[in-house]
Amino acid sequence: MTASSGRPSAAEAIKQASHGLRGSIAEELAASEARGGLSEGAYTLLKFHGTYEQHDRDTATARKQAGQDKDWSFMVRVRAPAGRLTAAQWLALDALAGSRADGTLRLTTRQGVQFHGVARRDLKGTIAGIHGALLTTLAACGDVVRNVVTTPAPRRDAIHARLEAEAFALSSALLPRTRAHHEIFLDGEPVVEEADALYGPTYLPRKFKIALAHPLDNAPDVLANDLGFVALTRRGKVTGWIVTVGGGMGMTHNKPATYPRLADAVAVIGPDEVLEVARAVVRLSRDHGDRSDRKHARLKYVVAERGVEWVRAALSADLGRDLTPAPALPRFAVPEHLGWHEQGDGRLWFGLPVAAGRIAGATRTGLREAIRRSGANPIVTPQQDLLLSDIAPERRAEVEAVLRDHGFVLPQALSPLARWTLACVALPTCGQALTEAERVRNEIVTDVEARLAAHGLLGERISLRITGCPNGCARPYAGDIGVVGRAPGLYTIFVGGDFEGTRLSFPLADKVRQAAIGAMLAPLFAAFAAGRARGEGFGDFCTRIGPEAARELLVRAIAAE
Ligand code: SRM
Ligand code: SF4
């Protein structure tokens with residue numbers, strides 16, 4: 001059940017022996033012309049520095065048949081706390097995408113930015129370039145606290161300023177203290193380093209994710225995180241936080257011991273206690289997470305198995321004071337961020353939809369041009385979109401025209417479904433992908449849109465989340481509809497989650513061909529259009545009728561065909 005339940009996994013030995021995340025990374029990367037075949041140690045430790053060695057899965061079979069090695073390259077992930085970037089940082093990342101990666105930028109579901117296709121000889125230069133833009137890749141991946149997410153909206157009021165400030169403070173305070181990153185990637189001098197008091201020599205048992213949210217803006221899906229802070233507010237100020245612990249999405253098909261889970265509200269704390277409590281929850285994960293089985297190592301399993309009372313007692317003991325039990329979570333909402341909005345300081349933001357977060361070709365040029373001309377500071381949203389903030393009202397028409405001229409589809413031309421569809425990276429770079437996701441996003445959206453339209457539901461606000469495997473990188477179990485890669489060409493469809501991210505979905509149909517996804521949802525759309533309660537969302541309707549009735553509708557529809 002806990003850290004002591006079995007022999008530590010191989011990753012634990014690698015971390016323990018890594019000398020502060022160094023291992024043999026520098027030596028292996030120095031063999032610069034070598035491709036692929038990093039040792040398990042270097043591969044594992046490189047994650048902590050924000051990079052994964054990958055290969056192009058599209059070409060792997062043909063290359064193997066031709067006796068060639070795989071087409072190896074690196075994915076590099078940039079941390080952007082709260083998704084906030086400056087115009088200058090964007091332009092620097094854009095330049096690196098052109099000079100050192102595959103020419104694309106990828107906005108992530110955790111408000112980060114990824115490069116794909118970085119050659120080994122360019123890895124150091126890419127990471128150094130990111131550092132030069134005052135950003136980092138350190139702890140973007142690995143068994144540490146990852147990019148801290150929050151509501152993306154750049155509303156200039158005290159509550160939003162506080163959410164943003166806390167995200168930045170958590171992000172920098174919880175970075176691992178190692179100098180290895182500087183030594184390996186930034187030509188820093190080797191130093192004798194003190195132990196990392198928070199992480200210790202083996203860091204955390206697994207990745208650890210933190211989100212902050214306002215109840216009226218749960219865009220970051222706070223409950224899908226290991227640790228969340230939900231703002232309590234009065235008269236425009238943050239007066240405290242509800243601490244939520246134990247969320248996570250990952251599961252493995254046919255392994256019931258693994259499951260997605262939404263976090264529980266564990267305690268309520270004062271407005272200035274976020275960092276202190278976050279450190280205690282990180283220590284809880286460090287000391288109680290399972291270090292023998294990486295599929296059982298996330299904090300969510302500790303919370304599920306030990307219970308909320310135990311978690312609060314353990315945190316209270318760590319902090320040396322009794323934490324107050326949390327009140328019930330308030331109702332959550334998720335507002336519209338796309339299109340034009342006033343920030344509250346005389347400036348505007350423009351929420352730009354970016355399908356699956358991929359910026360490439362003309363859209364990359366257009367974005368660069370729009371940011372150069374307007375000086376807009378971009379904010380990556382947890383929905384893989386970009387908010388161009390701080391735009392002077394007189395630039396509005398020009399920005400819109402530049403973006404439109406470069407092939408962006410602007411929000412007013414999109415259905416709510418298209419605006420609220422997420423798709424993970426999947427093929428060809430993700431080594432875990434069982435199916436396509438990003439590359440079939442638009443086909444699936446078009447298919448589902450047609451089915452919605454047939455029942456007069458095209459204007460309905462429904463979220464769709466597509467992933468190429470059950471790891472859940474687009475949080476598919478927390479939206480209205482989840483489409484999850486099951487086996488090559490086949491998906492599991494989930495329904496019954498809610499738009500606000502407060503309820504998990506249930507499986508509706510298994511092993512569905514991509515072309516049949518819309519058809520599988522159609523009977524439920526028909527029933528929803530005919531029998532929904534007033535104000536009821538699609539996911540709410542599915543949950544109200546329940547899994548058995550939902551599947552029965554499907555069986556009847558198939559029998560009637
Ligand atoms: Fe993820 C692993 C991409 C957000 C759960 N994720 C991966 C890897 C690194 C594949 C691998 O292990 O080899 C993917 C890289 C693919 C590629 O080629 O780029 C990958 N995850 C992504 C991104 C880029 C998806 C996207 O389309 O935006 C997101 C990057 C976020 C960031 O900037 O930090 C991303 N991943 C998530 C989320 C969503 C979130 O955090 O809000 C989740 C679900 C929440 C959670 O953590 O439970 C998520 N990713 C996973 C898991 C399952 C973890 C688990 O507990 O079981 C894995 C696999 C693993 O860790 O072993 C994984
Ligand atoms: Fe890869 Fe699976 Fe994550 Fe998609 S959900 S990016 S396929 S690990």
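Residues numbered from 1 in each chain as written. Chains lettered and ligands numbered in written order. Predicted model: local features only at pLDDT ≥ 70, side-chain atom pairs only at ≥ 80, totals over all residues. Heavy atoms only, no water.

Enquirer: Now, about the overall build of the chain: what can you tell me, with residues and values included?
Expert: Regarding its fold elements, the chain presents 17 helices and 18 strands. Its C-alpha atoms give the chain a radius of gyration of 23 Å, within 12% of the compact-globule value 24 Å for 561 residues. Once the C-alpha set of the chain is aligned to its principal axes, its extents read approximately 70 × 55 × 55 Å. Relative to its 561 residues, the chain shows a buried fraction of 58%. (Helix = DSSP H or I, 4+ residues; strand = E, 2+ residues; numbered from the N terminus. Rg over C-alpha atoms; globule rule 2.2 N^0.38 Å. Buried < 20%, exposed > 50% of the residue type's maximum accessible area, 1.4 Å probe, protein only.)

Enquirer: Would you mind going over the sheet that holds strand β2 (residues 72-78) in detail, with residue names and values included?
Expert: With antiparallel pairing, the five strands of this open sheet are ordered in space as β1-β2-β4-β3-β11. Each edge of the open sheet is held by one strand with a lone partner, namely β1 (51-55) and β11 (358-359). Here β1 pairs with β2 via five bridges, running antiparallel. Within β2, the residue paired with Y52 across the bridge is M75. The strands touched by helix α5 (residues 87-100) are β2, β3 (105-107), β4 (113-118) and β11; relative to β4, the strand with the most contacts, the crossing angle is about 15°. (Pairing = 2+ DSSP bridges. Contact = heavy atoms within 4.5 Å. Axes fitted to C-alpha atoms, helices over the stretch in contact; angles between N-to-C directions.)

Enquirer: Run through the sheet that holds strand β10 (residues 348-352), naming residues and quoting values.
Expert: In spatial order, the strands read β9-β10-β13-β12; together these four strands make up an open sheet with antiparallel pairing. Taken across any chain shown, the strands that pair with only one partner, and hence form the sheet edges, are β9 (339-342) and β12 (377-380). Ignoring which end each strand starts from, the neighbouring axes of this sheet average 25° apart. Relative to strand β13 (residues 386-391), β10 is paired through four bridges, and the arrangement is antiparallel. Each residue of the ladder has a partner; that of G351, found in β13, is L387. Sitting on the sheet, helix α12 (residues 361-374) touches β10, β12 and β13, and the angle it makes with β13 is about 20°. Contacts from helix α13 (residues 396-405) reach β9, β10 and β13 within the one sheet, and its direction differs from that of β10 by about 15°.

Enquirer: Which residues make up the site of ligand 1, and what values do they have?
Expert: Near ligand 1 lie 29 residues; those nearest to it are T108, M249, T429, C473 and R475. At a separation of 2.9 Å, an oxygen atom of ligand 1 approaches a polar side-chain atom of R206. Contacts to ligand 1 include K209, whose side-chain N or O atom sits 2.7 Å from an oxygen atom. Put simply, the parts of the chain that give the shell around ligand 1 at least two residues each are β1, β2 and β4. Of the residues in the shell around ligand 1, the class split is eight nonpolar, 13 polar and eight charged. (Near = heavy atom within 4 Å. Polar contact = N/O pair within 3.5 Å; in protein donor to acceptor, adjacent residues only side chain to side chain. Nonpolar A, V, L, I, M, F, W, Y, C, P; charged D, E, K, R; others polar.)

Enquirer: Pulling in residues and values, what's your account of the packing of helix α16 (residues 517-531) against helix α17 (residues 538-560)?
Expert: Running from N to C, α16 and α17 point in directions that differ by 125°, and their axes come no closer than 9 Å. Looking at the two axes, α16 sits oblique to α17. The crossing of α16 and α17 is right-handed. Of the residues in α17, those in contact with M520, P523, L524, F525, A527, F528 and G531 of α16 are F538, F541, C542, R544, I545, A550, L553, L554, A557 and I558. (Parallel < 35°, antiparallel > 145°, perpendicular 65-115°, else oblique. Left-handed = near helix turned anticlockwise from the far one by under 90°.)

Enquirer: Describe the nonpolar core, listing the residues and the values that go with them.
Expert: Membership of the largest hydrophobic core comes to 96 residues, with the highest contact counts inside it found for F115, F229, L367 and L403. Among the elements that take part in this core, helix α9 (residues 274-288) stands out by supplying seven residues, more than any other. Setting aside its immediate chain neighbours within four residues, F115 contacts F74, M75, V76, V78, L93, L96, A97, A101, T104, L105, T126 and I130. Grouped together as the second largest cluster of nonpolar side chains are 40 residues, A423, A426, L452 and I466 included. (Core = buried A, V, L, I, M, F, W, Y, C linked by side-chain atoms within 4.5 Å.)

Enquirer: How would you sum up unusual backbone geometry? Please name residues and give values.
Expert: L427 connects to P428 through a cis peptide bond whose omega is 10°. Within the secondary structure layout, P428 lies in the loop between β14 (421-423) and α15 (441-454). A positive phi is found at D187, a non-glycine position, where the angle reads about 55°. Its place among the elements puts D187 in the loop between α8 (180-185) and β5 (210-213).

Enquirer: Residues and numbers for the packing of aromatic side chains, please.
Expert: Applying the stated criterion across every chain, the model contains 11 aromatic pairs. Plain terms: the ring middles of W420 and F499 are 4.9 Å apart, the flat faces sit at 70° to each other, and that makes the pair edge-to-face. Taken as a pair, W420 in the loop between α14 (416-419) and β14 and F499 in the loop between β17 (490-495) and β18 (506-513) lie far apart in primary sequence, 79 residues in all. You can call F499 buried: its relative accessible area is 9%. Measuring from centroid to centroid gives 5.5 Å for F528 and F541, while their planes differ by 50°, and the two rings are tilted. Pair noted here: F528 is in helix α16 and F541 is in helix α17, with a separation of 13 residues, a long-range link. The rings of F525, F528, F538 and F541 are connected pair by pair, giving a single aromatic cluster. (Phe/Tyr/Trp six-rings, centres within 6.5 Å; stacked < 30°, edge-to-face > 60°.)

Enquirer: Outline the environment of L284, listing residues and values.
Expert: Structurally, L284 is set in helix α9. Residue classification places L284 among the buried residues on the basis of a relative accessible area of 4%. Taking C-alpha positions, L284 is 45 Å from V409, a pair spaced 125 residues apart along the chain. Filtering out sequence-adjacent residues up to four positions away, L284 remains in contact with G289, L299, W310, V311, A314 and L315.

Enquirer: Tell me about the pairing of β13, and name the residues and values.
Expert: Burial of β13 is extensive: six of the six residues sit out of reach of the surface. Judged from the four bridges that link them, β12 and β13 form a sheet pairing that is antiparallel. For V380, the partnering residue across the bridge sits in β13 and is L386. Linking β12 to β13, which pair antiparallel, is a turn of five residues; within it Q384 sits at a positive phi near 70°.

Enquirer: So what's going on with the coordination of the iron atom of ligand 1? Residues and values would help.
Expert: There is one protein donor for the iron atom of ligand 1, and it is C473 (SG), at 2.3 Å. With respect to the helices and strands, C473 occurs in the loop between β15 (464-467) and β16 (481-487). (Donors = N, O, S within 2.8 Å, 3.2 Å for Na, K, Ca; no water.)

Enquirer: Explain the site of ligand 2 to me, using residue names and the numbers behind them.
Expert: Every residue near ligand 2 is listed here: C424, V425, A426, C430, Q432, A433, T467, G468, C469, N471, G472 and C473. In terms of residue class, the shell around ligand 2 is made up of seven nonpolar, five polar and no charged.

Enquirer: So, the layout of surface pockets: which residues are in play, and what are the values?
Expert: The space that makes up the second largest pocket amounts to roughly 440 Å³. Lining the second largest pocket are 21 residues, with V354, A355, V409, R441 and N442 positioned closest to its centre. Elements that contribute at least two residues to the lining of the second largest pocket include exactly α14 and α15. Counting residues per element, the lining of the second largest pocket draws most heavily on α15, at five residues. Looking at the lining of the second largest pocket residue by residue, the classes come out as nine nonpolar, six polar and six charged. (1 Å grid on protein atoms, 1.4 Å probe; cavity = no way out; pocket = protein on both sides within 12 Å on 5 of 7 lines; lining within 4 Å. Points joined across faces, edges and corners; volume = space filled by probe spheres on them.)

None of this, on its own, says anything about what the molecule does.
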